[in-house]
Every structure is written in C-alpha cells, then in structure tokens.
Amino acid sequence: MKAGYKILSPQDIKTRGTDHDFASDILIGLSRDKKSIPCRHIYDKEGDELFRRITELPEYYLTRCEYDIFQQHKDNIVKSMDKDRFNVIELGAGDGKKAKVLLKHFLDTGMDVTYIPIDISEAAMKNLINKFTKDPIDITIEGIVAEYSEGLKWLSRAEGERNLVLFLGSNIGNAHENEARAFLHKLRGVLNPGDYLLIGFDLKKDIDTLNKAYNDSENITAQFHLNLLRRINRELGGNFNPDQFKYYGRYNVLTGAIESYLVSLKDHIVYINTPNRSFSFKKWEPIHTEYSLKYTDSDIKKLAEETGFEITSNYTDSRKYFQDSLWRVNNGTK
Ligand code: AVJ
C-alpha cells in the first residue's frame, strides 16, 4: 500500500476565494439579519471526533444503515458496474471506514483501484491514512485535503480515466435542493462517459425517528453544533460562552429537512478578535447551523434525471431508512 495526502492550499488553487474561509464566513454569517454559520465549519479535530461519536449513537441510524447496505449489497454493486480500473474518489471521506468495505471487495473481485479520499479536515485525513496503514489493503491512496468543489478540480484533470465517485452518508443532504442540483450537474460535467457515482440519501421516514436521530439522549449532537462556538473561541479568539446557547434541531415537514440552530438564552454581546468585531445576540435569537435534507425515492429519480445521470441501481436497508443509489454517466452529450 502506498498512502499519502496533500493539502490543496490557496497557492495550489488560485480560484479558492476568501468566501470559503472560516473567519470571513463567521463575519458574514453573524452579521446577517438571520444569523447563520455554514455547517462545514463544524468539522475541525473536535468536530470530527464528535461526529464519530454520533455515528455510534443508537438513535443515529444513518451510518449503520449505509454500512449494512454495503455489507449486504457489495457484490451487487460490483456486478452493476462494468469492471475495470477505477479511481475511487470519495467526497467527504471522514475516516474512510465505509468506503473500505467496498474497496476490499473491489480488490477481491480483481479490480484495480486507486483511492482518492477528499475531506475538508486535515485531522480526518491523517486519521484515515493512519487507519489504512494499520490495516493495509493493496491499493494506492492519494488523499486530498480540500472542499468538495476543489475536489472537482482534481477530477477535471482525470480525463480518459475511469472514475467512481463516492458521495456517502447523506452528505448531499446538507445542500438545499437547488444547490444539490447545481453541484451534481457540475460533477456530471467533469466526469467521463461510463463513470459512476454512488450517492447515499437519508430517506423520508417516521418523524419521531428523524427527530430522535438529531436529539440523542447523550446530547452529543448538541455538543457537535456547540463546537462551532468553541472553534470560534479557539481559532478566532472569540469569547462565546456555549452555556448561553441551546441546541434546537427539528424536522420541518414543509422543507423535508432537519433544521438545526443554536438559540441564544439571553441578551448578550460576543467579541471575536479576528475580525475584531462584536456581535449582539437577542434573547431567543437563533443561529442557523445545519440543514439536513431527507429524500424520497422519486426525489432521487428526479435529481438524477435533472443532473444528467442514469440510475443503474438502488440499494436500501431492510427498514428502508437509507438508500445508496448508483448513477452512471451516459455516453450522450453533456
Ligand atoms: C454528516 C452531514 C450527513 O446531516 O446527518 C449528524 C451530520 N448532524 N448529526 C447529517 C450530522 C447532526 C450529518 N452529515
């Protein structure tokens, strides 16, 4: 196994703008009339660890369901693709544990793969490489620390190659319908005919089950969101007191998403060193922190159609809680 990763820094990618930078996102988000912080900023070292703990919670079924789907259907997934040599590019790889189930199986069936995990968190990438080094498999790993959109730039260089993109864990759910469409359309544009996308969706289901998954009895989900404030304190010199905010996450039947907030429990002012600004919070004022959209089978079909993919097959767990959908890039024009 050959394993390493590189960080795509602003020097590597000229078009990387300041709009995706932590400090400026915080300044913009907290200056808004309706305060909000992009959820990708939850994932620093502490946030990664809190998310890992979420995936082990009894209420948070998503990760386990997808893991089961892969165990159950890995052979069908391989059989659905015309086998070849593949770059397996994973967007938001985390610790790569779920992908490993598939990667191992790809190897067992004689496929030759290079694994290209892409994750915004360097801590997560180090952890991933570490895990694969401890239990090595016969693949080359070329990790990239970057956001999804930058990951796409890597793909656009891979012309003439066969690619399988993994976009797992309902990460697509963080995007609003329009954003998801735009992103997948863009992804479609950098892929080659015959390439595949395996994408995981959390399905619409009993509302109590959904709400429980985001309101666990150990309050880890609350800590996961509050990590945003702690991260601002750590990295930007903020003086947030997390105890002055309450996590609130509920399913909205109108949008079909779990919508999450940190709600201020009193009138107070918070100072942040970078950008040397104070922000006032009214009692009961929310900061929007995450949007987690749930899908139906027909939503998924529509999304594939609208973005220029053809659904090869769908895989779901016994309770129909989660669905992994294998999409293929047609030979037709882009
Ligand atoms: C990793 C974005 C899919 O939306 O369910 C877990 C993150 N948020 N608990 C999700 C999360 C609260 C998760 N995703």
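Residues numbered from 1 in each chain as written. Predicted model: local features only at pLDDT ≥ 70, side-chain atom pairs only at ≥ 80, totals over all residues. Heavy atoms only, no water.

**Q** Can you explain the overall build of the chain? Please cite residues and give values.
**A** Of the regular secondary structure elements, the chain holds 10 helices and 13 strands. A compact globule built from 334 residues would reach a C-alpha radius of gyration of about 20 Å, and the chain, at 20 Å, matches this within 12%. When its C-alpha atoms are laid out on the principal axes, the chain stretches across 60 × 45 × 40 Å. Put simply, the chain has 334 residues, and 52% of those count as buried. Surface exposure of the chain reaches about 15,400 Å², of which carbon and sulfur atoms provide 48%. Side chains of the chain give 48 positive and 50 negative charges; the mean places of these two sets differ by 2 Å. (Helix = DSSP H or I, 4+ residues; strand = E, 2+ residues; numbered from the N terminus. Rg over C-alpha atoms; globule rule 2.2 N^0.38 Å. Buried < 20%, exposed > 50% of the residue type's maximum accessible area, 1.4 Å probe, protein only. Areas by Shrake-Rupley, 256 points an atom, 1.4 Å probe, with all protein chains shown as cover. Lys, Arg positive; Asp, Glu negative; His and termini not counted. Charge placed at Lys NZ, Arg CZ, Asp CG, Glu CD.)

**Q** An account of the nonpolar core is needed here, citing residue identities and associated values.
**A** Core analysis: the largest hydrophobic core is formed by 67 residues, its most contacted members being L103, F106, Y115 and L164. Sort the elements by how many residues they give to this core and helix α9 (residues 220-236) lands first, with 8 residues. (Core = buried A, V, L, I, M, F, W, Y, C linked by side-chain atoms within 4.5 Å.)

**Q** Go over the sheet that holds strand β8 (residues 257-264), please, and point to the residues and values.
**A** An order of β7-β8-β11 is seen for the 3 strands of this open sheet, with the pairing classed as antiparallel. Only two strands of the sheet have a single partner each, and these edge strands are β7 (245-252) and β11 (286-293). Shown here is a sheet whose adjacent strand axes are inclined to one another by a mean of 20°, direction ignored. (Pairing = 2+ DSSP bridges. Axes fitted to C-alpha atoms, helices over the stretch in contact; angles between N-to-C directions.)

**Q** Any details on the side chain of T221? Residues and values, ideally.
**A** Here T221 is to be found in helix α9. Since its relative accessible area comes to 4%, T221 is described here as buried. At 2.5 Å, the side chain of T221 and the side chain of D216 are in polar contact. Those residues in contact with T221 that lie beyond four places of it in its chain are I54, L57, A213, Y214, D216 and Y247. (Polar contact = N/O pair within 3.5 Å; in protein donor to acceptor, adjacent residues only side chain to side chain. Contact = heavy atoms within 4.5 Å.)

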